[in-house]
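What follows is the residue order along each chain.
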Amino acid sequence: MAFDLADRGIYGFSTSENLRFADVDANGHVNNGAFIELLENARVSYLRQIVRSGLPRFRLVIGRIEADFKRQMFYPGTATACARLIEAHERKCVIGQGLFDGDGNCTAVQRVIMVSLNEETHRSAPFDPTVRATIDRLAASKDGLTP
């Protein structure tokens, strides 16, 4: 299933953040690095609260981040960062994310490839079948939450 990551309607999970003066760069707008941090907060919260809930322990590491910056954000203001599973594979999954300003405009989207990691060998490993079934369901759901 293809998702439009700029569509706020595909996300059932979000975090809300106040933009900080420290996020502003020399051009007077919120720095792209702050966008990445806002999205990271949502991704980590989504993984902890939704994806890992009730499952056996498993480790994920970032394999790749692809970010597209769509419009500026300015201080003061708020941002809503969203996250959801969009793909599930044997040894990796893909988290789709959108960042929206206080008026609901999409300011950035990103795809994050997360690799399943064996904690002993520090190499990629297939997901446990229970974990894989859960991430399959989340990726196939309407809003990234358990159907």
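Further up the page is the structure itself.
This structure is a prediction, so every number in the text was calculated from the model and none was measured.

Reading the values: the criteria
Residues numbered from 1 in each chain as written. Predicted model: local features only at pLDDT ≥ 70, side-chain atom pairs only at ≥ 80, totals over all residues. Heavy atoms only, no water. Helix = DSSP H or I, 4+ residues; strand = E, 2+ residues; numbered from the N terminus. Buried < 20%, exposed > 50% of the residue type's maximum accessible area, 1.4 Å probe, protein only. Lys, Arg positive; Asp, Glu negative; His and termini not counted. Salt bridge = Lys/Arg side-chain N within 4 Å of Asp/Glu carboxyl O. Polar contact = N/O pair within 3.5 Å; in protein donor to acceptor, adjacent residues only side chain to side chain. Core = buried A, V, L, I, M, F, W, Y, C linked by side-chain atoms within 4.5 Å. Contact = heavy atoms within 4.5 Å. Phe/Tyr/Trp six-rings, centres within 6.5 Å; stacked < 30°, edge-to-face > 60°. Lys NZ or Arg CZ within 6 Å of the ring centre and 35° of its normal. Expected span 1.5 Å × (residues − 1).

1. Considerations on the side chain of Arg84
Item 1. Of note, Arg84 is situated in strand β3 (residues 78-88).
Item 2. Although Arg84 lies buried, it forms no salt bridge, and the closest oppositely charged side chain, Asp143, sits 5.6 Å away as judged by the N-O distance.
Item 3. Of note is the side chain of Arg84, whose polar atom sits 2.8 Å from the backbone oxygen of Ile10.

2. Notes on the nonpolar core
Item 1. Counting 19 residues, the largest nonpolar core has Tyr46, Val51, Leu85, Ile95 and Ile135 as the members making the most contacts within it.
Item 2. It is helix α2 (residues 129-140) that provides the largest number of residues to this core, a total of four residues.
Item 3. Filtering out sequence-adjacent residues up to four positions away, Ile95 remains in contact with Arg43, Tyr46, Leu47, Ala83, Arg84, Leu85, Ile86, Gln110, Arg111, Val112 and Met114.
Item 4. If you look at the next biggest cluster of nonpolar residues, it comprises 12 residues, including Ala34, Leu39, Ala42 and Ala81.

3. A short note on the packing of aromatic side chains
Item 1. The tally for this structure, following the rule as stated, stands at five aromatic pairs.
Item 2. Aromatic side chains Phe58 and Phe127 sit 6.3 Å apart centroid to centroid with 80° between the ring planes, which places their arrangement in the edge-to-face category. Pair noted here: Phe58 is in the loop between α1 (32-51) and β2 (59-69) and Phe127 is in the loop between β5 (106-117) and α2, with a separation of 69 residues, a long-range link. Here Phe58 matches Phe127 in class, with each residue buried.
Item 3. Here the guanidinium or amino end of Arg52 rests over the ring plane of Phe58, the centre of that ring lying 4.6 Å away.

4. What about α1?
Item 1. When the terminal C-alpha atoms of α1 are compared, their 27 Å separation across 20 residues agrees well with the 28 Å that a helix rising 1.5 Å per residue should span.
Item 2. The set of residues buried in α1 consists of Ala34, Phe35, Leu38, Leu39, Ala42, Arg43, Tyr46, Leu47 and Val51.
Item 3. Contacts from the buried residues of α1 go to β1 (13-18), β2, β3, β4 (92-101), β5 and α2.
Item 4. Regarding α1, its N-cap is Asn31, as a side-chain oxygen of that residue lies 2.6 Å from the backbone nitrogen of Gly33 further along.

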